[in-house]
Amino acid sequence: MKLLLDFLPLVLFFAVFKFADGSPEAAAAFASQHLGFLVSGGVVGAKEAPVLLATLVMMVATLAQAAIQKLRGQKIDLMLWISLGLVVVLGGATIWFHNETFIKWKPSVLYWAMGLSFWVSQALFGKNLLKRMLGAELQLDDAIWARLNLAWVLFFTALGLLNLYVAYSFSTSAWANFKVFGVTGLILVFTLAQGLYLSRHLPQDTAANDAEPKP
């Protein structure tokens, strides 16, 4: 359930964008009539209507995501707070100024914030976030944890740069496809690569237990 909630804003953004992009004139008319008070000048053009509507839906979904966790008594993690702040500020700027550039920067800033949190916790406070999250399940040397932590820092940094490259080099539709499918695929490949790396450094008894079939 939590996994579904985590991906819900992204899925809704993509779905609304693709739907509106199929009929941009109708999307512009709808946005101008019902949401004109949210944009400068009160009129939404056909070119920006799909991304503006998708951004608004993503903002509402992210707010709902945080509200649901709060109502359930769950702790809202730091990354969700950062994502919520970014989507409200950059999403609001995208809608008001009719400028999709703001929301296109949101993933990059989020990736860099995640990379920075991994680096700062290790470099300044001596706390490895990966070890804190996975240390109960994986017994590894501190040097291995440090390498894994650095790998995620570099990965998030590169992912943020790649997002901007796609945003400025291709159409908004291509960027939306990359945001959903490209980034998800890259994260999956990177995670699998880390899994292969980990398999070489797990203690023999742990690796053997993991290899045994479960009853």
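Before reading further, recall that the structure is shown in the block above.
The model shown is predicted, which means the values in this text are computed figures rather than measured ones.

> Explain the pattern of salt bridges to me, and be specific about the residues and the numbers.
Summed over the entire model, instances satisfying the criterion amount to two salt bridges. Where lysine 104 meets glutamate 100, a salt bridge forms, and the shortest distance between an N and an O atom there is 3.0 Å. Under the relative-accessibility criterion, glutamate 100 is labelled partly exposed at 21%. Across the pair aspartate 142 and lysine 131 runs a salt bridge, and its minimum N-O distance is 2.7 Å. Here the residue aspartate 142 occupies a position in helix H7 (residues 142-169), and lysine 131 occupies one in helix H6 (residues 129-134), the gap between them amounting to 11 residues. Residue classification places aspartate 142 among the exposed positions, given a relative accessible area of 52%. Of the residues examined, lysine 131 reaches a relative accessible area of 35% and is grouped as partly exposed.

> Please set out a nonpolar patch on the surface residue by residue, giving values where relevant.
Taken together, the side chains of Leu116, Trp119, Leu124 and Phe125 define a hydrophobic patch exposed on the protein surface, amounting to about 490 Å² of accessible area. Among the residues examined, phenylalanine 125 registers a relative accessible area of 60% and is labelled exposed.

> Account for helix H4 (residues 78-97), with residues named and values stated.
Count 3.6 residues to each turn of an α-helix, and residues three or four apart come out pointing the same way. When the terminal C-alpha atoms of H4 are compared, their 28 Å separation across 20 residues agrees well with the 28 Å that a helix rising 1.5 Å per residue should span. Among the residues of H4, Leu80, Ser83, Leu84, Leu86, Val87, Leu90, Gly91, Ala93, Thr94 and Ile95 are the ones counted as buried. On its buried side, H4 packs onto helix H3 (49-71) and helix H5 (101-123). For H4, the N-terminal cap is aspartate 77; the gap from its side-chain oxygen to the backbone nitrogen of methionine 79 is 3.2 Å. Histidine 98 sits one or two positions beyond H4 and adopts a positive phi of about 55°.

> Describe H3, with residues and values.
Between its first and last C-alpha atoms H3 spans 33 Å; for 23 residues at 1.5 Å apiece the expected length is 33 Å, and the two agree. Phi turns positive, to about 80°, at glycine 73, one or two residues after H3.

Thresholds applied
Residues numbered from 1 in each chain as written. Predicted model: local features only at pLDDT ≥ 70, side-chain atom pairs only at ≥ 80, totals over all residues. Heavy atoms only, no water. Salt bridge = Lys/Arg side-chain N within 4 Å of Asp/Glu carboxyl O. Buried < 20%, exposed > 50% of the residue type's maximum accessible area, 1.4 Å probe, protein only. Helix = DSSP H or I, 4+ residues; strand = E, 2+ residues; numbered from the N terminus. Patch = residues over 30% accessible without salt bridge, like charges linked within 9 Å, V, L, I, M, F, W, Y side chains within 5 Å. Areas by Shrake-Rupley, 256 points an atom, 1.4 Å probe, with all protein chains shown as cover. Expected span 1.5 Å × (residues − 1). Contact = heavy atoms within 4.5 Å. Polar contact = N/O pair within 3.5 Å; in protein donor to acceptor, adjacent residues only side chain to side chain.

Shape is all these values report; function is a separate question.
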